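Listed here are the chains, written in short residue letters.
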Amino acid sequence: MKLALLAGAMALSLTSAANAETVNLRFALATNATPTVEAIKEFGKLVEQKSDGEVTVTFFPDSQLGGERELVEMVQAGTLDMTKVSGALLESFSPVYGVFSMPYLFKNSDQFHQILSNPAIMDPVYSSTESMGVVGLTYYDSGQRSFFSVKNPIYKLEDLRGLKIRVMQSPTAIEMMKELGGSPIAMSAGEVYTALQQGVIDGAESNEFALTTDQFGEVAKFYSYDMHARIPDVVLIGTSTLQRLTENQKAAVFEAAKESTQFQREKWEAAVDQQRKIAIEKYGVKFNDVDQAPFQAAVQPIYDRLKNDEDRYSLYEKIRSALNAN
């Protein structure tokens, strides 16, 4: 099925190639929160408008062509033009992305957006994968990440001890979970529901949308707001795709990407409130607050070790400097 869909997309591109003025971009994504999906569709509309119809976008949502890692690899290979993935996944392609998975890096969403919208900080990050055939265009908010669990709520560090917690396939996320005393289980998002249901894992960590969009709230009834991370989603485009575009077409793509970020940001907070309401009313999920201080103290060794990595520590220092300047 995936090959058939991709073959259809390539046929569209070949048809477009017959008209030298038109380029069709194949944009695939995994399952995502509604505001993010809407922002990606908005990108498609904007890029077509800004390019006067020279650039169009064909979408393949809901993991039709594979999970996030597969999609990045397809963009690298040139069989796909664009995708959107978690910055945590990109750590395995460019370690510098791991800085954004550092626990408690941002105090709130305002700090997150202040840094992620700063070209002086983000442009070098986006270009760090250029030699691998893919670069970043812009980011989307993916909210705060907290723990959700099956049997009991998490109020304190002791509640995490011995629990098997699914984390993203990110070295930094695994490191964080170990420092907090839990047992990290790295797996793709598509495996989490069954793992929770069968007791393979005791919980996981993500934003509120995971409870509803992925229906984890059917199994995990406790959501504990320790808010340990705010990790950006990143829109990627292949370097081979950029080479096919004229300068005006490139400008249209970059402008549309940036404007879609603002579009998504304006929708995010209201959507989070709505998902929390659904999780409570439809799935019976119970939410609780957490004293962050012990959690923050427990992960301090991660920051101590960061000093041994020149590239990542340099980015971290730039982030701290920018935040402290305000």
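Going by the structure above, here's the rest.
Below or above, wherever it landed, is the structure these notes cover.

Regarding empty space enclosed by the protein
For step 1, the next point in the chain: What the rule picks out here adds up to one cavity of 30 Å³ or more.
For step 2, the next point in the chain: Approximately 40 Å³ is the volume attributed to the largest cavity.
For step 3, the next point in the chain: If you go around the largest cavity, the residues you meet are S101, R145, M168, A173, M176, E205, H228, A229 and I231.
For step 4, the next point in the chain: Of all the secondary-structure elements, those providing two or more residues to the lining of the largest cavity are α7 (171-179) and β9 (222-229).

Notes on the nonpolar core
For step 1, the next point in the chain: F100, F106, I115, L180 and I319 are the most contacted members of the largest nonpolar core, which has 53 residues in total.
For step 2, the next point in the chain: Sort the elements by how many residues they give to this core and helix α14 (residues 310-324) lands first, with five residues.
For step 3, the next point in the chain: For I319, the residues in contact, after removing those within four places along its chain, are V99, F100, L105, F106, I115 and I121.
For step 4, the next point in the chain: If you look at the next biggest cluster of nonpolar residues, it comprises 23 residues, including V23, F43, A256 and A257.

Some details on the layout of surface pockets
For step 1, the next point in the chain: The space that makes up the largest pocket amounts to roughly 870 Å³.
For step 2, the next point in the chain: Where the lining of the largest pocket is concerned, the elements lending two or more residues are α3 (68-77), β3 (82-86), α4 (87-90), β5 (145-149), α8 (192-198), β8 (203-206) and α9 (209-212).
For step 3, the next point in the chain: For the lining of the largest pocket, the class distribution of residues is 16 nonpolar, 14 polar and nine charged.
For step 4, the next point in the chain: Approximately 230 Å³ is the volume attributed to the second largest pocket.
For step 5, the next point in the chain: Along the walls of the second largest pocket sit 16 residues, with Y104, L105, F106, K107 and Q296 positioned nearest its centre.
For step 6, the next point in the chain: At the level of elements, β9, α12 (292-298), α13 (300-306) and α14 are the ones that each hand at least two residues to the lining of the second largest pocket.
For step 7, the next point in the chain: The dominant element in the lining of the second largest pocket, judged by the number of residues it contributes, is β9, at three residues.

Basis of the calculations
Residues numbered from 1 in each chain as written. Predicted model: local features only at pLDDT ≥ 70, side-chain atom pairs only at ≥ 80, totals over all residues. Heavy atoms only, no water. 1 Å grid on protein atoms, 1.4 Å probe; cavity = no way out; pocket = protein on both sides within 12 Å on 5 of 7 lines; lining within 4 Å. Points joined across faces, edges and corners; volume = space filled by probe spheres on them. Helix = DSSP H or I, 4+ residues; strand = E, 2+ residues; numbered from the N terminus. Core = buried A, V, L, I, M, F, W, Y, C linked by side-chain atoms within 4.5 Å. Buried < 20%, exposed > 50% of the residue type's maximum accessible area, 1.4 Å probe, protein only. Contact = heavy atoms within 4.5 Å. Nonpolar A, V, L, I, M, F, W, Y, C, P; charged D, E, K, R; others polar.

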